[in-house]
Amino acid sequence: MGGQDMVFSHEVPHVDGLIVRAVQPFNAEPPPSALVEFKYTPEELIYCRNHSPVYELDEDTYTVTIDSVDGMLPKSIEIKYKDLKNDFPYAEVVAALQCAGNRRKEMGEIKPVRGVTWDCGVIANCCWGGVRLRDVLLRAGIDDSWSMEGLHVWFASHVSVCQDDSYYGGSIPLSKAIDPEGDVLLAFDMNSQSLSPDHGYPLRIVVPGYTGVRWVKWADRITIARDESPNFYQQRDYKILPPSCETVEQAAPLWRTVPAIDALPINSVIGSINEVPGEEGKIRLKGYAMGHGGPGRQIARVQVAIAPSDDSDEQWADANITYQEGKWSWTLWDCVLDLNEAKESIERIGGKNEVTVFCRAIDESEVVQKKECAWNMRGVAFNAYGKAIWRR
Ligand SMILES: Nc1nc2c(c(=O)[nH]1)N[C@H]1C(S)=C(S)[C@@H](COP(=O)(O)O)O[C@H]1N2
Ligand SMILES: [Mo]
């Protein structure tokens, strides 16, 4: 299945300026210092995560099929792209798209992991525009009287063979898909512009709060089913395997038993550290934070500390929150630290020339990001304190 049949001869050109982690399929991320400068991530700074080649598709012939297994829907329907755009109300949602492999590089410093060596740039905050999946499902014959419990919605893209399967797919619970507050979209726009091929043109699924792997690009089939998607990327990848599992052989019997990741846990990251011009000893930190996407909990506070010796609160200073929007956006923050005032901590860590700074996020339910994160073989969902080193 997949892999050997991928065809790259029609690959679209990609944006310049990203740090390329793999050429075929194209995987690239922006430098974090640039990323944290914008509330809406501009196209040139949006990471690209692909398990297949990227093609330029034709919207004039593009259709989406809505169907079901076990005859749950009376019939399947096919909707032309043009009709999808014209027949349903337009909706916009601001939401951060985040790969489960974000910060994998740091998890790999604990012990080697399998996967693309992502730094902390595989996240993008955008305003997505399209039609509500809810409206499309209602049209297809589902209504709120259904018992949604245990049902799923599969999203699939058949435009290419992927590295590990003959098509790309994933699923979410039907309850999330149809919830008016779940804000799930069939999107054609990103930051008020048509999607680019790299990000799913003509149509991608947007699942606010859920990790990127379910945001299926070039989606062409939506299926109601009693089980999760059978696709490789739902079943045998993007799962937090137990720390005792270290090899592919050990993982094989476990995939079935470990739940698929839907939302990622609370997180925060330092994107840049710069000297404040003209202010000797002062440094400005900028970064982002994310709440747990399941309930859509926003960040209440972000704190920073210079090499905290323990978890006591007084070592942490509150950062300023500079951007946040609705339930699903990321949070941007910044903070100025005075190294002159932090002499004691700096001496404790042995000098002035290299200072380690940490950040942590606290959500509106008082959930605090933890100092450490357990290792897992695929290096997913890393969320230890954000950490950066300032060198004079
Ligand atoms: N069809 C398709 N959809 C896909 C993928 C893919 O490889 N193929 N990658 C997924 C993953 S793992 C992520 S993190 C996001 C990345 O979206 P982006 O490339 O627009 O940043 O898309 C998801 N949707
Ligand atoms: Mo991902």
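Remember, predicted model here, so these are calculated numbers, not experimental data.

## Looking at the pairing of strand β14 (residues 282-290)
Inference 1: As judged from the eight bridges shared by strand β13 (residues 267-275) and β14, these two strands associate in the antiparallel manner. Each residue of the ladder has a partner; that of S268, found in β14, is A289.
Inference 2: Hairpin connection of β13 to β14: six residues between the antiparallel strands, including G278 at a positive phi of 75°.
Inference 3: Pairing of β14 with strand β18 (residues 331-338), which is carried by eight bridges, proceeds in the antiparallel orientation. Directly across from L285, in β18, lies its bridge partner C335.

## Things to note about the packing of aromatic side chains
Inference 1: One pass over the full model with this rule turns up 10 aromatic pairs.
Inference 2: Summarising the aromatic geometry, the rings of W316 and Y385 are spaced 5.1 Å apart at their centres and angled 80° between planes, so their arrangement reads as edge-to-face. Of this pair, W316 sits in the loop between β15 (299-306) and β16 (317-318) while Y385 sits in the loop between β19 (354-363) and β20 (386-391), placing them 69 residues apart in sequence. The residues W316 and Y385 share a single accessibility class, namely buried.
Inference 3: Each residue in the set Y62, Y81, Y90 and F188 is aromatic and connected to the rest through ring pairs, giving one cluster.

## Thoughts on the sheet that holds strand β8 (residues 168-173)
Inference 1: In spatial order, the strands read β4-β3-β12-β7-β8; together these five strands make up an open sheet with mixed pairing. Strands at the two margins of the open sheet, each flanked by one partner only, are β4 (77-80) and β8. For this sheet, the mean angle separating the axes of adjacent strands, direction not counted, is 20°.
Inference 2: Bridging between strand β3 (residues 63-68) and strand β12 (residues 221-225) involves four bridges; their strand directions are parallel. Paired with T65 across the strands is R221, a residue of β12.

## Comments concerning the side chain of T331
Inference 1: As for its position among the elements, T331 is in strand β18.
Inference 2: A distance of 2.7 Å separates polar atoms of two side chains, one belonging to T331 and the other to Q324.
Inference 3: What T331 contacts, discounting residues up to four positions off in sequence, is G287, Y288, A289, Q298, I299, I321, Y323 and Q324.

## Digging into the UniProt feature "domain: Oxidoreductase molybdopterin-binding" (unreviewed entry) in the chain
Inference 1: UniProt annotation of "domain: Oxidoreductase molybdopterin-binding" (unreviewed entry) refers to residues 51-233 when read in the numbering used here.
Inference 2: Helix makes up 15% of residues 51-233 and strand 31%, and the two end C-alpha atoms of the span are 10 Å apart.

## Topic: the sheet that holds strand β17 (residues 320-323)
Inference 1: Overall, antiparallel pairing links the four strands, which are arranged β13-β14-β18-β17 in an open sheet. Edge positions in the sheet fall to β13 and β17, since each of these pairs with one other strand and no more. Ignoring strand direction, the axes of neighbouring strands in this sheet form an average angle of 30°.
Inference 2: Bridge analysis of β17 against β18 gives three bridges, and the strand direction is antiparallel. Looking across to β18, one finds that Y323 is bridged to L332.

## Quick look at the site of ligand 1
Inference 1: Every one of the 19 residues lining ligand 1 counts as a neighbour, but Y47, H51, H199, R204 and K217 are closest to it.
Inference 2: The separation between a nitrogen atom of ligand 1 and a polar main-chain atom of W215 is 3.1 Å.
Inference 3: In isolation ligand 1 exposes 530 Å². Once the protein is present, 100% of that is buried.
Inference 4: The class makeup of the residues in the shell around ligand 1 is 10 nonpolar, five polar and four charged.

## Looking at the pattern of salt bridges
Inference 1: Across all of its chains, the model carries 14 salt bridges by this definition.
Inference 2: Note that R226 is salt-bridged to D70, the shortest N-O span being 3.2 Å. Here D70 lies in the loop between β3 and β4 and R226 lies in the loop between β12 and α6 (232-235), a separation of 156 residues in the sequence.
Inference 3: Of the residues examined, R226 reaches a relative accessible area of 44% and is grouped as partly exposed.
Inference 4: Between R301 and E366 there is a salt bridge, with its nearest N and O atoms 3.3 Å apart. Here R301, found in strand β15, pairs with E366, found in the loop between β19 and β20; they are 65 residues apart in sequence, far enough to count as distant.
Inference 5: For R301, a relative accessible area of 31% gives the class partly exposed.
Inference 6: Judged by its relative accessible area of 52%, E366 falls in the exposed class.

## Some remarks on unusual backbone geometry
Inference 1: Between Q24 and the following residue, P25, the backbone shows a cis peptide bond with an omega angle of -10°.
Inference 2: Residue placement: P25 occurs in the loop between β1 (19-22) and β2 (27-29).
Inference 3: With an omega of 10°, the peptide bond between Y201 and P202 qualifies as cis.
Inference 4: Along the chain, P202 falls in the loop between β10 (193-194) and β11 (204-206).
Inference 5: Backbone geometry at R103 places phi at a positive 70°, although glycine is not the residue there.
Inference 6: Relative to the elements of secondary structure, R103 occurs in the loop between β5 (90-98) and α3 (104-110).

Rules and cut-offs
Residues numbered from 1 in each chain as written. Chains lettered and ligands numbered in written order. Predicted model: local features only at pLDDT ≥ 70, side-chain atom pairs only at ≥ 80, totals over all residues. Heavy atoms only, no water. Pairing = 2+ DSSP bridges. Helix = DSSP H or I, 4+ residues; strand = E, 2+ residues; numbered from the N terminus. Phe/Tyr/Trp six-rings, centres within 6.5 Å; stacked < 30°, edge-to-face > 60°. Buried < 20%, exposed > 50% of the residue type's maximum accessible area, 1.4 Å probe, protein only. Axes fitted to C-alpha atoms, helices over the stretch in contact; angles between N-to-C directions. Polar contact = N/O pair within 3.5 Å; in protein donor to acceptor, adjacent residues only side chain to side chain. Contact = heavy atoms within 4.5 Å. UniProt positions renumbered as here; feature names shortened; annotations may be inferred. Near = heavy atom within 4 Å. Areas by Shrake-Rupley, 256 points an atom, 1.4 Å probe, with all protein chains shown as cover. Nonpolar A, V, L, I, M, F, W, Y, C, P; charged D, E, K, R; others polar. Salt bridge = Lys/Arg side-chain N within 4 Å of Asp/Glu carboxyl O.

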